[in-house]
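Below, each chain spelled out in residue letters.
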Amino acid sequence: MSQESVLKLQSATKEKIRKFNSFRAREVRPAEFWDVVALTAADESQRAAYELQVRHKVDRKELPRGPHYKVFSDPPGPKIGNGGSTLYALQQLSDIYGKVLESLRVILIHAGGFSQRLPSASALGKIFTAVPLGDPLYQMLELKLALYVDFPSRMKPGVLVTCADDVELYSTAGDESVRFDRPGFTALAHPSSLSVGTTHGVFVLDSDKKPGDTEVENVSCLRFLHKPSIDEMRDGGAVRNRRAGCFSLSDTEFVYTDSTYYVDFDTAKSLLGVLKELGPLHCEVDAYGDFLQALGPSATIDYTANTANVTKEEGGLVAIRQKIFHLLKGTPLSVILLNNSKFYHIGTTSEYLFHLARDVALGTELGLLSSAFSVNANDNSGRCVMHSVLGPACSVGAGSVVEYCRLGAGASVGGGSVVSGCWVAAGLSVPDGVFMHSLCVTRERRVGFVTVVFGVEDDLKRGVDAPSRLAELTLFGVSLPECLSRWGLGEGQLRFSGDAPGCSLWNACLFPVCSDQQSSFSLSLEMLQAALSGCAFIVPKDTTLVSMRESLKCKNLQEMLQFRGGLYEDITRGRRDHHSS
């Protein structure tokens, strides 16, 4: 990417953030901002958690006043995917607003799920993941709203659909702007390498309409390919040759990939017709693959039988796809080419660590801080401390992220680690490359604390079908049976929570419940150190052990937010004392 392109991205992003900051805590005028900010949630428990956090953010003047903030949960039963969530959210919006909905500008952010690949976001939600930016500190919700701050005033009433864990940066030149004023679907498109295209949606543009050399172009799309192979991109006519106006890439060949899309309300009615036609959903529907592949004049029904990219193939999926295809067929798909843009995904622990602590490009483009809203945190680059209180002589290693923590004097965090929501006693040392996260739980009417600990590269979703295969699971690079042995536990003592028959790190009951937050962290840290060193550490007799999955089921949200509130007060007081001295 040329230096000129980088500077344009920086300048455009800085202006968007400045504009959003001017909206925070004040009443926004109609058409100046979103009329409705809607989040999706996986279930009623997550919905309640999200609503509570949104209320706190409004009360603390972190969000604009005026918009309606709504949270919609998926119905109980089987997972329905982000496509199913979109349909149910549209139905609930229609139930609430009736005909008035057709005059509103709505942003719908998919935020459901339990973030097994970024477990620090599991309890409170990935849309509430901290970002080292802003004062008060941003979370992903504010960042998404800031980056889209120009959209509401340049769009006809309708719905913008986006995800909670990605970041799109773009610039425009002169009198160019991103406008959502066409019928049907209008999608944002980013120049990407062919290899990136294999993991995203790819747009096939009309080859007779050669794009120009501007930063923003509005074009029609013939069809949409979902996670195609490179051969499929070539055969479908999606591959384009680089030209001077394609600012973002140095590749000779590239494709345009997806991120966010807009739907006008006439088309939204068609989507509601889809839900009425389908009835209750019993399988996962993709808001991108299953909706967008039905659009454009060259769309065919062939994709409906292709389940190669489906994580779990379920009965009825093909029939549902076919109904969606026939109901949406003929709906236009327009594409806004953002030729000077970047797309970042922050949905895994590795991505979180890299983008917040090591990624110079994103840090420069967004203006990320190494120390944000914290006390006694050094502004050393290559690490990230957010919303935390550090005692004297604390240290944080390169490539690590510390968020919502209290560290006692002399405590240290090794390199490449995540420490989230923890109270670390004085002098304790967190090793390199580990993930530690404390949760408050209520079990049998008693409040307790659990600190889960994993290696940052551990695969929490990988499962085996029987306890006899436990050796195939590794924790911190050590086989699970070996870890149990070092803690004085037999394989027969290990319990797996939930009704599902599979065994995974997600549902393995490995983590002790303690009466206070500091003890919880200290005990889990001792277990971690024993597993890594090979030395024995006997877990105290009668200690209750729970899984990450179980901890989420009985999480005590009020206590966790109260801990963050205490940090907030201490940080605010510390900054006030510093400025007055």
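Report follows, based on the coordinates. (Residues numbered from 1 in each chain as written. Predicted model: local features only at pLDDT ≥ 70, side-chain atom pairs only at ≥ 80, totals over all residues. Heavy atoms only, no water.)

1. Considerations on helix α1 (residues 3-23)
Note that an α-helix has 3.6 residues per turn; residues three or four places apart therefore point the same way. Here α1 contains 21 residues, and its C-alpha end-to-end distance of 31 Å stays within 8% of the 30 Å for a straight helix at 1.5 Å per residue. Buried residues of α1: S5, V6, L9, A12, T13, K16, I17, F20 and F23, and no others. Projected down its long axis, α1 carries its buried residues within an arc of 135°, all on one side. Relative to its buried face, α1 has exposed residues pointing more than 90 degrees away, namely Q3, E4 and K14. Close packing links the buried residues of α1 with β5 (138-139), α4 (140-147), β7 (166-170), β14 (341-345) and α11 (360-366). A positive backbone phi angle near 75° is found at A25, which sits one or two residues after α1. (Helix = DSSP H or I, 4+ residues; strand = E, 2+ residues; numbered from the N terminus. Expected span 1.5 Å × (residues − 1). Buried < 20%, exposed > 50% of the residue type's maximum accessible area, 1.4 Å probe, protein only. Arc of directions from axis to C-beta. Contact = heavy atoms within 4.5 Å.)

2. Overview of the environment of F20
Of note, F20 is situated in helix α1. Judged by relative accessible area, which is 0%, F20 ranks as buried. The contacts of F20, once residues within four sequence positions are left out, are F33, E62, P64, Y138, E142, L145, A146 and V149.

3. Brief notes about the nonpolar core
Among the nonpolar cores identified, the biggest contains 137 residues, and W34 and W487 are the most heavily contacted of them. At seven residues, helix α13 (residues 517-533) tops the list of elements feeding residues into this core. Each residue touching W34, except ones within four places of it in the same chain, is listed here: P67, R105, V106, I107, L145, Y148, F151, P152, M155 and L160. (Core = buried A, V, L, I, M, F, W, Y, C linked by side-chain atoms within 4.5 Å.)

4. Focus: the packing of aromatic side chains
Enumeration over the complete set of coordinates arrives at 17 aromatic pairs. On the basis of an interplanar angle of 35° and a centroid distance of 6.3 Å, the ring pair of F20 and F33 is categorised as tilted. Separated by 13 residues along the polypeptide, F20 in helix α1 and F33 in the loop between α1 and β1 (36-41) bring together distant segments of the chain. Both residues of the pair, F20 and F33, belong to the buried class. Arranged with centres 5.3 Å apart and planes meeting at 65°, the rings of Y50 and F128 form a pair that is edge-to-face. Of the two residues, Y50 is situated in helix α2 (residues 44-59) and F128 in the loop between β3 (105-110) and β4 (130-131); the sequence distance between them amounts to 78 residues. Taking relative accessible area as the criterion, F128 reaches 2% and is therefore assigned buried. (Phe/Tyr/Trp six-rings, centres within 6.5 Å; stacked < 30°, edge-to-face > 60°.)

5. Remarks on a positive patch on the surface
On the surface, K79, R117, K227 and K461 cluster together into a patch of positive charge. Counting through the fold element by element, K461 comes out in the loop between β26 (446-455) and β27 (463-464). (Patch = residues over 30% accessible without salt bridge, like charges linked within 9 Å, V, L, I, M, F, W, Y side chains within 5 Å. Areas by Shrake-Rupley, 256 points an atom, 1.4 Å probe, with all protein chains shown as cover. Salt bridge = Lys/Arg side-chain N within 4 Å of Asp/Glu carboxyl O. Lys, Arg positive; Asp, Glu negative; His and termini not counted. Charge placed at Lys NZ, Arg CZ, Asp CG, Glu CD.)

6. Let's talk about the packing of α1 against α4
One way to put it is that α1 packs onto α4 with a least axis distance of 8 Å and a crossing angle of 110°. One finds that α1 runs roughly perpendicular with respect to α4. Crossing angle aside, the handedness with which α1 passes α4 is right-handed. Residues T13, K16, I17 and F20 of α1 form the contact with α4, whose participating residues are E142, L145, A146 and L147. Of the residues that constitute the contact of α1 with α4, the class distribution is five nonpolar, one polar and two charged. (Axes fitted to C-alpha atoms, helices over the stretch in contact; angles between N-to-C directions. Parallel < 35°, antiparallel > 145°, perpendicular 65-115°, else oblique. Left-handed = near helix turned anticlockwise from the far one by under 90°. Nonpolar A, V, L, I, M, F, W, Y, C, P; charged D, E, K, R; others polar.)

7. Side note on the pairing of strand β25 (residues 434-443)
In terms of burial, β25 is largely enclosed, as eight of its 10 residues are buried. Pairing analysis gives 10 bridges linking β25 to β26, with the strands arranged antiparallel. What sits directly across from L439, in β26, is V450. Between β25 and β26, which pair antiparallel one after the other, the connecting turn spans two residues, and E444 there sits at a positive phi close to 50°. (Pairing = 2+ DSSP bridges.)

8. A short note on the pattern of salt bridges
Counted under the stated rule, the structure contains 30 salt bridges. Between K99 and E102 there is a salt bridge, with the nearest N and O atoms lying 3.5 Å from each other. For D165, the salt bridge identified is with K126, shortest N-O distance 3.9 Å. On the criterion of sequence distance, the pair formed by D165 in the loop between β6 (158-163) and β7 and K126 in the loop between β3 and β4 is long-range, its members being 39 residues apart.

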